[in-house]
Protein chains: 8
Amino acid sequence: MPFKVYLSGEIHTDWREQIVEGAAGLDVEFAAPVTDHDASDDCGVAILGEEPDKYWHDHKGAMVNAIRTRKGIADADVVVVRFGEKYKQWNAAFDAGYAAALGKSLIVLHPPEHDHPLKEVDAAALAVARTPQQVVAILRYVLDGQLPAGS
Amino acid sequence: MPFKVYLSGEIHTDWREQIVEGAAGLDVEFAAPVTDHDASDDCGVAILGEEPDKYWHDHKGAMVNAIRTRKGIADADVVVVRFGEKYKQWNAAFDAGYAAALGKSLIVLHPPEHDHPLKEVDAAALAVARTPQQVVAILRYVLDGQLPAGS
Amino acid sequence: MPFKVYLSGEIHTDWREQIVEGAAGLDVEFAAPVTDHDASDDCGVAILGEEPDKYWHDHKGAMVNAIRTRKGIADADVVVVRFGEKYKQWNAAFDAGYAAALGKSLIVLHPPEHDHPLKEVDAAALAVARTPQQVVAILRYVLDGQLPAGS
Amino acid sequence: MPFKVYLSGEIHTDWREQIVEGAAGLDVEFAAPVTDHDASDDCGVAILGEEPDKYWHDHKGAMVNAIRTRKGIADADVVVVRFGEKYKQWNAAFDAGYAAALGKSLIVLHPPEHDHPLKEVDAAALAVARTPQQVVAILRYVLDGQLPAGS
Amino acid sequence: MPFKVYLSGEIHTDWREQIVEGAAGLDVEFAAPVTDHDASDDCGVAILGEEPDKYWHDHKGAMVNAIRTRKGIADADVVVVRFGEKYKQWNAAFDAGYAAALGKSLIVLHPPEHDHPLKEVDAAALAVARTPQQVVAILRYVLDGQLPAGS
Amino acid sequence: MPFKVYLSGEIHTDWREQIVEGAAGLDVEFAAPVTDHDASDDCGVAILGEEPDKYWHDHKGAMVNAIRTRKGIADADVVVVRFGEKYKQWNAAFDAGYAAALGKSLIVLHPPEHDHPLKEVDAAALAVARTPQQVVAILRYVLDGQLPAGS
Amino acid sequence: MPFKVYLSGEIHTDWREQIVEGAAGLDVEFAAPVTDHDASDDCGVAILGEEPDKYWHDHKGAMVNAIRTRKGIADADVVVVRFGEKYKQWNAAFDAGYAAALGKSLIVLHPPEHDHPLKEVDAAALAVARTPQQVVAILRYVLDGQLPAGS
Amino acid sequence: MPFKVYLSGEIHTDWREQIVEGAAGLDVEFAAPVTDHDASDDCGVAILGEEPDKYWHDHKGAMVNAIRTRKGIADADVVVVRFGEKYKQWNAAFDAGYAAALGKSLIVLHPPEHDHPLKEVDAAALAVARTPQQVVAILRYVLDGQLPAGS
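Per an unreviewed UniProt entry, chain A carries the name YtoQ family protein and comes from Cribrihabitans marinus.

Q: What should I look at first to understand the packing of helix α4 (residues 90–101) of chain B against helix α4 (residues 90–101) of chain C in this one?
A: When two helices pack together, you describe them by how their axes are tilted relative to each other and by the distance separating the axes. Packing of α4 of chain B against α4 of chain C leaves a shortest axis separation of 6 Å and a crossing angle of 45 degrees. Between α4 of chain B and α4 of chain C, the interaxial angle falls into the category oblique. Remark: the crossing between α4 of chain B and α4 of chain C carries right-handed chirality. Mapping the contact onto sequence places W90, A93, F94, A96, G97, Y98, A100 and A101 of chain B in α4 of chain B and W90, A93, F94, A96, G97, Y98, A100 and A101 of chain C in α4 of chain C. Looking at the contact of α4 of chain B with α4 of chain C residue by residue, the classes come out as 14 nonpolar, two polar and no charged.

Q: Please explain the sheet that holds strand β2 (residues 28–31) of chain C as it appears in this structure.
A: Sheets are built from strands paired through backbone hydrogen bonds, the pairs being either parallel or antiparallel. All names here are of chain C. Read from one edge of the open sheet, five strands run β2-β1-β3-β4-β5, paired in parallel fashion. Looking at which strands have only one partner, the edges of the open sheet turn out to be β2 and β5 (127–129). On average, each strand axis in the sheet is tilted by 25 degrees relative to the strand beside it, whichever way the strands run. Bridge analysis of strand β4 (residues 105–109) against β5 gives three bridges, and the strand direction is parallel. Bridge pairing in β5 places L109 opposite A129.

Q: Explain the arrangement of the chains to me, please; I cannot follow it from the model alone.
A: Between chain C and chain G there is no contact; the minimum C-alpha to C-alpha separation amounts to 16 Å. Contact between chain B and chain H is absent, and the minimum C-alpha spacing across the pair is 16 Å.

Q: Would you mind going over the pattern of salt bridges with me for this structure?
A: Under the defined criterion, the tally for this structure stands at 72 salt bridges over all chains. With its nearest N and O atoms 3.7 Å apart, the salt bridge here joins D77 of chain A to K4 of chain A. Within this pair, whereas D77 of chain A is found in the loop between α3 (54–75) and β3 (78–82), its partner K4 of chain A is found in strand β1 (residues 3–9), the two being separated by 73 residues in sequence. Comparing D77 of chain A with K4 of chain A, the two get one shared label, buried. Three or more residues joined by partner-sharing salt bridges are found here, namely K4 and D77 of chain A together with K71 and D75 of chain H.

Q: Looking at this model, I keep getting lost on the sheet that holds strand β1 (residues 3–9) of chain D. Mind explaining?
A: All names here are of chain D. If you trace the five strands from one edge of the open sheet to the other, you get β2-β1-β3-β4-β5, paired in parallel fashion. Every interior strand has two partners, whereas the edge strands, β2 (28–31) and β5 (127–129), have only one. Between one strand and the next, the sheet's axes are offset by a mean angle of 25 degrees, whatever the strand orientation. Inspection of the sheet shows strand β3 (residues 78–82) paired to strand β4 (residues 105–109) by five bridges, in the parallel sense. Looking at the pairing, V81 lines up with V108 of β4.

Q: What is the right way to look at the packing of aromatic side chains in this model?
A: Any aromatic ring pair is given by two values, namely how distant the centres are and how the planes are angled relative to each other. All told, the structure shown has 28 aromatic pairs over all chains when counted by the stated rule. Judged by centre distance (4.9 Å) and plane angle (85 degrees), the ring pair of Y55 of chain B and W56 of chain B falls under edge-to-face. Accessibility expressed as a relative area gives 16% for Y55 of chain B, which makes it buried. Its relative accessible area of 5% is what places W56 of chain B among the buried residues. Between F83 of chain G and W90 of chain H, the ring centres sit 5.0 Å apart and the planes meet at 55 degrees, which makes this aromatic pair tilted.

Quick notes on the rules
Residues numbered from 1 in each chain as written. Chains lettered and ligands numbered in written order. Predicted model: local features only at pLDDT ≥ 70, side-chain atom pairs only at ≥ 80, totals over all residues. Heavy atoms only, no water. Axes fitted to C-alpha atoms, helices over the stretch in contact; angles between N-to-C directions. Helix = DSSP H or I, 4+ residues; strand = E, 2+ residues; numbered from the N terminus. Parallel < 35°, antiparallel > 145°, perpendicular 65-115°, else oblique. Left-handed = near helix turned anticlockwise from the far one by under 90°. Contact = heavy atoms within 4.5 Å. Nonpolar A, V, L, I, M, F, W, Y, C, P; charged D, E, K, R; others polar. Pairing = 2+ DSSP bridges. Salt bridge = Lys/Arg side-chain N within 4 Å of Asp/Glu carboxyl O. Buried < 20%, exposed > 50% of the residue type's maximum accessible area, 1.4 Å probe, protein only. Phe/Tyr/Trp six-rings, centres within 6.5 Å; stacked < 30°, edge-to-face > 60°.

If you want it as structure tokens, here you go:
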């Protein structure tokens, strides 16, 4: 059976594409949230009707997005959560906690300057990676037993 | 993996067909109860033998139908529950509660005049839709990230 | 350990009081939703702030009430759901479905004229009672093994 | 049975004390993480031995703290997560996701300026409060059915 | 997704063949225990070595057979348990209890003279059938919505 | 915390009393079904109304008894199932299967002549005892670490 | 609610007593296996009858001991597993795996020379301690927030 | 559906190959850990960066390997755990405990001289085999009902 991997978190760089391309040829199925920022913010009101109050505007969108997120995490064997350099990214940490409580294998991807504030998240993870290439290397090793050349 | 969607509730209009047709081309598998009203009412005694008491007549049928309903909900990623304008529809609300307790993503479909009596059901849902087309639009967005044209 | 019984559903008659008084002396702990209709409808906005839109007014209240309902059902060994003669009572059916999915022992209490529309709910129940006194008699028998005098 | 409430998140103000004092007289049991910031950061190495690498220093502490956090959340009926005005607070969002995945009733407490970045967390909550007093009012209503005076 | 049906119980008549043949054309996958009586009794010692004590002879066989039974029931949507006219058949009742505790849809198949001693088993079932043809009719209705001709 | 022990099965001898008396002084809480045979058979109709059909008479009783049985097994750490020398006792085997599926520690109590037909039940048990005194000895050892004098 | 701690593993030194005494005054409940080596080995045959074959002698004992172990681990918040300097101690590693799969907080206690062969066990733990005093210090910190003097 | 079998434990002989080859033609899917000893020991640091401390070197590797192990066991219907003649093999016993807690069917494979120290592990197993050929024979019987020729 293929490894099912959910790619959660930061949506402003191409880290997902790097992982998906790097993992070409491996028996992996990837899933992810909708990464079009505007669509993700507005999906609730675009489909279900306008809200004059920004809070409910956001709320309707977050609920619709949760349909995709919940299935992505529930189906996953591995959840990769990426924290970028900017923004609050509380939804990334929320997904990490959600995945941990379900017993999913968690890989966290973030730069070293976030080590201290992410220590509780990292403590629930099986790997803390710095680059998408390391995530690919983990998947390649876990599936095929092959370590990076030169190691 | 395809989204599995169970379409529960009202059986007197063609809302299921509208959703299934609207979702053509999406990676969705639909399931639903038997929607032939007479067959659904009589299946128990038709197969397992007559009952002189109407209560047990109904009971045997409800139990046989539960075989299909339970699997439909248990297998589903998303449960859509439609409340029409007439009838008690307690089985629809029962299915909604059952799905909520299993952690399924719940979409409720009903006209605004039911908002107040359905508030507890809606509170467990990730979306409250007014039309089958909105349900289709949710599925299209959740699967493919595409919002309705013009939005 | 005491039997924990959650009394869900209709809030316009004194059926809960009849059961609680009838069960005096049994090792039972009862729980129930808030049965003050106005408080139940308005709790969300009274505590968390007004909403101009009636839908969100109701929504905030239903969410706050769910904190109590969820614990009541989750802690219960037995869930009694009462359907009265009036109103939609979809929240009662929702609670019944929720309780059934959690594997709780379900007792449904309703007049015979509701038998047909409640057949799916009754099919998930271990007892269908017509009077609060019958619910008390079930609890007395289940806890102490005593049947009603004269039976 | 008492309501068990876990108070997660921000540790730099006295919001926990305000809730605990406000809820005096209610049948509630509170739990919380260790809120001594230095002790929380250093508990791992203080007990289990120094680490020259700050990453593992943090890691050992986060793991020891997780013993308390996991039990607090697992035992809770309600998890209150407070986001303050400063810091990353990813552990708060992690706890919220963890609690949500376990089906706990979630109350989120944060100022309105965090509404947008917290929309996914709020979408999993049964209440979004702005002040500790609102959390107390929710607990009072949920336990005793009493709304704030004047409402 | 196909219905997965496990056929438990009596192994001395051809009821399984009747069901499998009758269900030809339906989207059903059947599983069953090993029905070769001698092989079933002796598999433990035949593979893992003789036991002088008949108790352990039986024990080793029952354990090996449990590997197949557990998977059959765990994978099933529906468990059919057949009680024949002879023998103790405690393993059939054990399977029924096991399936019930896992929330499987249970169909019990037995002659009317067993009604009284099987009342607790029947009370956990969604259907009590008298003939293999009735089981086929249930499956046909549940999958395709078709009732027996003439009904 | 006390060991909670549910005593299931045969109701025609005083084996339960022997175990309860023998375990005096141990930190054990016992539960059991209603053992008054007539009350157990008739509880459904005595409380909920007569049924002309013996099948539904039995059914209503079995359902009411299930309220007690389910809680007894669900709360138990250890389920003891006694098979006597007579009767079908399918409800005992059903309880054993139900308990096994829930992961309860199972002790089966039966005479050697039932070894072969009970081999699947015994294979799910942690102990097969021949006398109530052996069950007491197991409880005494498991709780206090004391073996029978002379052993 | 008290912390419930199960002390698994090595039975030839007084490490359990050191922990229990060191934790005096904390709100902790301890449980442990029977630590009388002979009683533990012989309990099966002493209670349930002799076995000529040593394999079944051991088997009956291991099954009876499992009644205590399973409850101890199932009830625990924290499982401490001690590996001593001698013997295979596979039952200790088995308990660690069992506890990990149930999501218990795991503390492993072993000398540094076992670090390499225990790396998979340690990887599932929240703390790796070298002395019983460190386990006490963890419990004291986790319950009362107090670190060892001088740290 | 195919039987999914995870082959855990000893990595210094070709027992896995013997089982896989012996089971050719059966509807079985095998999974296993990475059995290249050096890769398995060094995968953590090879991918995620060097650690000067051997403990953390091992830890990072064990965590990465756990991604594969967890999925292998979680997906499995049957877990075979092999204990060889040498080494501590605590990870094998850990996997056995982990699999047992998840309710997997467990087959243990070890020479008779390990019977006593493995008695707790064997007590959780459905079969104790001495040779890879016996494991193959179990799989053949469980899937196809065929016993070894001559038995």
